[in-house]
Amino acid sequence: MCNKTNRAERLLQEYCSQAGIGWTRICEQVGVRTPDYELLVGGRTIIAEVKEVRRSREERKSDALTQPRGYTTRGGKTGARVRNMIRKASPQIKAGIRGRQPGMLVLYDGRKSGHIDPFNIKAAMYGDETWDIAVPQDPTIGPYVTGARFGPNQRMTPNQQTSISAIGVLSQAGEELCVYHNEWADVPIDPRLLTRSGIRQYRIDRATMEWVPTG
């Protein structure tokens, strides 16, 4: 028997039905790790695990201070929430794809907290942006940037999380799905499949360290 669907899962089902994407709910089995869905796109099956952003203990504590203080404070490392959801979803996706199918982690945030915006997705997948700065000995010459690269805290590498082909972000109302492809995926998703369903897609451009459209 399948568990009751949550809001994120219902919205994904509705989106897929409207976009002409077939979907099948995968029911949990006791003692067996399973993903949430099989999506059928252009004759190809994509395994999907759905995760919804939940309020953290720090956020709840901060919100409790909002009314008496009139303001709130929030912090945290860029991409931290997404990295945590990648870690939790990876076993389910890996078990579902069996090395033969692409797998996608679908994220949803009904509060628009900013945790799953493109910048946080990028930081979680490929690491913190690191800028190399030269400081000349000549005091009349100011510091200048010599290069930029992705630094620590990456979840996607040639040897890590390769079972996750892409991360999808479902909009708050569920009317749009944006997909960010993992360049290190063992089984990539063909962008042309998703383009037929009107899905916006992006890949990382190493030269600019920015997301660029693909598909």
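Because the structure is predicted, anything quoted here is derived from the model rather than measured.

Below, the discussion takes up the overall build of the protein chain. When you go through the protein chain residue by residue, the secondary structure sums to six helices and 10 strands. Buried positions account for 45% of the 215 residues belonging to the protein chain. Taking as baseline every contact in the protein chain between residues at least 6 positions apart, the subset at least 24 positions apart corresponds to 56%. Accessible area of the protein chain: about 12,000 Å², with a carbon and sulfur share of 49%.

Once that is clear, we can look at unusual backbone geometry. Although it is not a glycine, Asn153 adopts a positive phi angle of roughly 70°. Its location among the elements puts Asn153 in the loop between β6 (144-150) and β7 (166-170). In this model, Gln161 sits at a positive phi of 60°, which is unusual for a non-glycine residue. Relative to the elements of secondary structure, Gln161 occurs in the loop between β6 and β7.

Here we take up the pairing of strand β4 (residues 103-108). It is a general feature of regular strands that their side chains alternate between the two faces of the sheet. Counting buried positions along β4 yields six of six residues, so the element is predominantly enclosed. Neither face of β4 is left uncovered, since the one carrying Gly103, Leu105 and Leu107 and the one carrying Met104, Val106 and Tyr108 both have all their residues buried. Across six bridges, strand β3 (residues 44-52) lies against β4 in parallel orientation. Its bridge partner being in β4, Ile47 is matched across the sheet by Gly103. Here β4 runs beside β7; their pairing, made up of five bridges, is parallel. Its bridge partner being in β7, Tyr108 is matched across the sheet by Leu170.

Right, let's get into the pairing of strand β10 (residues 210-213). Judged from the four bridges that link them, strand β9 (residues 200-205) and β10 form a sheet pairing that is antiparallel. Each residue of the ladder has a partner; that of Arg203, found in β10, is Val212. A loop of four residues connects β9 with β10, the two strands running antiparallel in sequence, and Met209 in this loop sits at a positive phi of about 60°.

What follows deals with the environment of Ala48. Summarising the element assignment, Ala48 is placed in strand β3. Residue classification places Ala48 among the buried residues on the basis of a relative accessible area of 0%. For the pair formed by Ala48 and Ala89, sequence separation is 41 residues and the distance between their alpha carbons is 9.5 Å. For Ala48, the residues in contact, after removing those within four places along its chain, are Pro35, Asp36, Tyr37, Leu39, Met104 and Val106.

What counts and what doesn't
Residues numbered from 1 in each chain as written. Predicted model: local features only at pLDDT ≥ 70, side-chain atom pairs only at ≥ 80, totals over all residues. Heavy atoms only, no water. Helix = DSSP H or I, 4+ residues; strand = E, 2+ residues; numbered from the N terminus. Buried < 20%, exposed > 50% of the residue type's maximum accessible area, 1.4 Å probe, protein only. Contact = heavy atoms within 4.5 Å. Areas by Shrake-Rupley, 256 points an atom, 1.4 Å probe, with all protein chains shown as cover. Pairing = 2+ DSSP bridges.

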